[in-house]
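Chains, contacts and geometry: an overview
Each chain is listed here by its residues.
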Amino acid sequence: MTGTEPAVRIDTTRPHPARVYDWYLGGKDNYPVDEALGRQIMAIDTGAPRAARSNRWFMQRATRHLAGATGIRQFLDIGTGIPTEPNLHQIAQSFAPDARVVYVDNDPIVLAHAEALLRGTPEGVTEYVQADAREPGAILEQAARVLDFERPIALSLIALLHFVADEDGAYDLVDTLVEALAPGSCLVLSCMTADFEPENVRQGIERYSAGGVTLVARSHAEVGGFFRGLDLMEPGIVSVKDWRPDLARDESPLGDGPVSLYGAVGVKY
Ligand SMILES: C[S@@+](CC[C@H](N)C(=O)[O-])C[C@H]1O[C@@H](n2cnc3c(N)ncnc32)[C@H](O)[C@@H]1O
């Protein structure tokens, strides 16, 4: 593991995005304060756990497509989250055992669980970097120890950018990262939107703010702004549940209702 590697200090007095998400996914790596916020959000929007699952499946489908049909062998996943099987490297390395994967997150609890992210194939490489997405230069420097930036890389920013406000450099960080990628690389991104359920999402954002967590919903056009200069793969920017459902494996029925996260994959030429 690389990065600043501080002694792991986990603040259990305030909710953390990674742990609330883990609670939605039915994980065990969360605390009462995370469950409390999760339950508050569910009181407004019963679909929140569905959205978390749907987003996770989007990551799985996109990774299958990129490691499979597209043939990408290098992955840089920023905002990795607490490990939940199958993790990205397990999917990528099931197509290509020699796939190289760098995971990045800034939450100490993800660092505390990072070992599960490092159990890959003997032929491949998995690395974990503790870093903040708002410092893309530092991430690129550390990722370059494992990944070859002269060759295509799949950069994934999945359910990350709604935690980064525009004024904290959300668009600039994406531009800096994409700029460093070779032609043939891809950007995989999902981000919360208020386009489908404006009132529920507005109330959810209020609850997260009260818990001290920044959350930003972005419109279709605003999500499109992250893909400036890239070619979007079909079907473009859609709710994560509607991105290439033909690639689904072991997805249980989600039920009706919108999923308030846009997802898309763009290619750099
Ligand atoms: C909702 S989880 C998404 C996990 C995974 N990408 C997925 O979609 O299943 C968001 C993750 O982003 C991380 N995160 C939030 N802000 C971050 C930042 N500024 N730098 C790095 N990671 C961040 C959180 O710690 C959390 O693990």
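Keep in mind that what you see is a predicted model, and the values were worked out from it rather than measured. Note on numbering: residues in each chain are counted from 1, in written sequence order. The predicted origin of the model limits local features to residues at a pLDDT of at least 70 and limits the giving and counting of side-chain atom pairs to 80 or more, whereas totals for whole chains, interfaces and linings rest on all residues.

**Regarding the overall build of the protein**
Summing up its helical and strand segments, the protein has nine helices and nine strands in all. Our radius of gyration looks at C-alpha atoms and nothing else; its globule reference is 2.2 Å times the residue count to the power 0.38. At 17 Å, the protein has a C-alpha radius of gyration in line with the 18 Å of a compact globule built from 269 residues. Oriented by its inertia axes, the alpha-carbon framework of the protein measures out at about 45 × 45 × 40 Å. Our contact criterion uses C-beta atoms placed from the backbone: two residues qualify when those atoms are within 7 Å. Restricting to contacts in the protein with at least 6 residues of sequence separation, those with at least 24 account for 78%. Comment: elements are numbered from the N terminus, with helices defined as DSSP H or I runs of at least four residues and strands as E runs of at least two.

**Here we look at the site of the ligand**
Ala-18, Gly-79, Gly-81, Asp-107 and Ala-133 are the nearest of the 21 residues found near the ligand. Of all the secondary-structure elements, those providing two or more residues to the shell around the ligand are helix 1 (17-24) and helix 3 (48-67). Classification used: nonpolar for Ala, Val, Leu, Ile, Met, Phe, Trp, Tyr, Cys and Pro, charged for Asp, Glu, Lys and Arg, polar for all others including Gly. Among the residues making up the shell around the ligand, the classes are represented as eleven nonpolar, five polar and five charged. Nearness here is judged by the C-beta atom: place it from the backbone, and if it falls within 6 Å of a molecule or strand, the residue counts as near that partner.

**Quick notes on the environment of Gly-236**
When you line up the elements, Gly-236 lands in the loop between strand 7 (231-232) and strand 8 (238-239). When the C-alpha positions of Gly-236 and Ala-264 are compared, they lie 5.8 Å apart, and in sequence the two are 28 residues distant.

**A closer look at the pairing of strand 4 (residues 125-130)**
Burial analysis of strand 4 places five of its six residues in the buried class, the great majority of the element. Here, any two strands with at least 2 DSSP bridges between them count as paired. Here strand 3 (residues 100-105) pairs with strand 4 via six bridges, running parallel. Its bridge partner lying in strand 4, Val-104 is registered against Val-129. Burial in this document is a count-based property: other C-beta atoms within 10 Å of a residue's C-beta are tallied, and the residue is buried at 20 or more, exposed at 12 or fewer, or partly exposed in between, with C-beta positions derived from the backbone.

**Observations regarding the environment of Leu-181**
In this fold, Leu-181 is placed in the loop between helix 7 (170-179) and strand 6 (186-192). Exposure remark for Leu-181: the 22 C-beta atoms within 10 Å place this residue in the buried category. Setting aside its immediate chain neighbours within four residues, Leu-181 contacts Phe-149, Ile-153, Leu-155 and Lys-268.

**Some details on helix 2 (residues 32-44)**
The first and last C-alpha atoms of helix 2 sit 19 Å apart over 13 residues, in line with the 18 Å expected at 1.5 Å per residue. Within helix 2, burial applies to Asp-34, Leu-37, Gly-38 and Ile-41. On an axial view of helix 2, the arc spanned by its buried residues comes to 100°, and they lie on one face. Opposite its buried face, helix 2 presents the exposed residues Pro-32, Arg-39 and Ala-43, each directed more than 90 degrees away. Against the buried residues of helix 2 lie helix 1, helix 3 and helix 8 (198-210). The span you would expect from a helix comes to 1.5 Å times its residue count less one. Each C-beta atom gives one direction from the helix axis, and the arc is the one those directions make.

**Let's talk about the environment of Trp-23**
Residue placement: Trp-23 occurs in helix 1. Judged by the 26 C-beta atoms lying within 10 Å of it, Trp-23 falls in the buried class. Between the C-alpha atoms of Trp-23 and Pro-136, which are 113 residues apart in sequence, the distance is 28 Å. When near neighbours in sequence (up to four residues on either side) are disregarded, Trp-23 contacts Asn-30, Asp-34, Glu-35 and Gly-38.

**A short note on unusual backbone geometry**
Omega for the bond connecting Glu-85 with Pro-86 falls within 30 degrees of zero, at -5°, which places this linkage in the cis form. Within the secondary structure layout, Pro-86 lies in the loop between strand 2 (74-78) and helix 4 (88-95). A cis amide bond links Glu-234 with the next residue in sequence, Pro-235, at an omega value of 5°. As for its placement among the helices and strands, Pro-235 is situated in the loop between strand 7 and strand 8. Positioned with a positive phi, Ala-159 is a non-glycine residue whose angle comes to about 55°. Ala-159 gets classed as buried once you count the C-beta atoms within 10 Å, which come to 25. One non-glycine residue, Asp-250, lies in positive phi territory at about 55°. Looking at the element boundaries, Asp-250 is found in the loop between strand 8 and strand 9 (261-267).

**Considering the nonpolar core**
Joined through C-beta atoms within 7 Å, a set of buried Ala, Val, Leu, Ile, Met, Phe, Trp, Tyr and Cys residues constitutes a nonpolar core. Counting residues in each nonpolar core, the largest one holds 77 residues, and the members touching the most others are Leu-155 and Leu-189. The biggest single contributor to this core is helix 3, with nine residues. Among all residues touching Leu-155, those that are not within four sequence positions of it are Leu-76, Leu-177, Val-178, Leu-181, Ser-185 and Leu-187.

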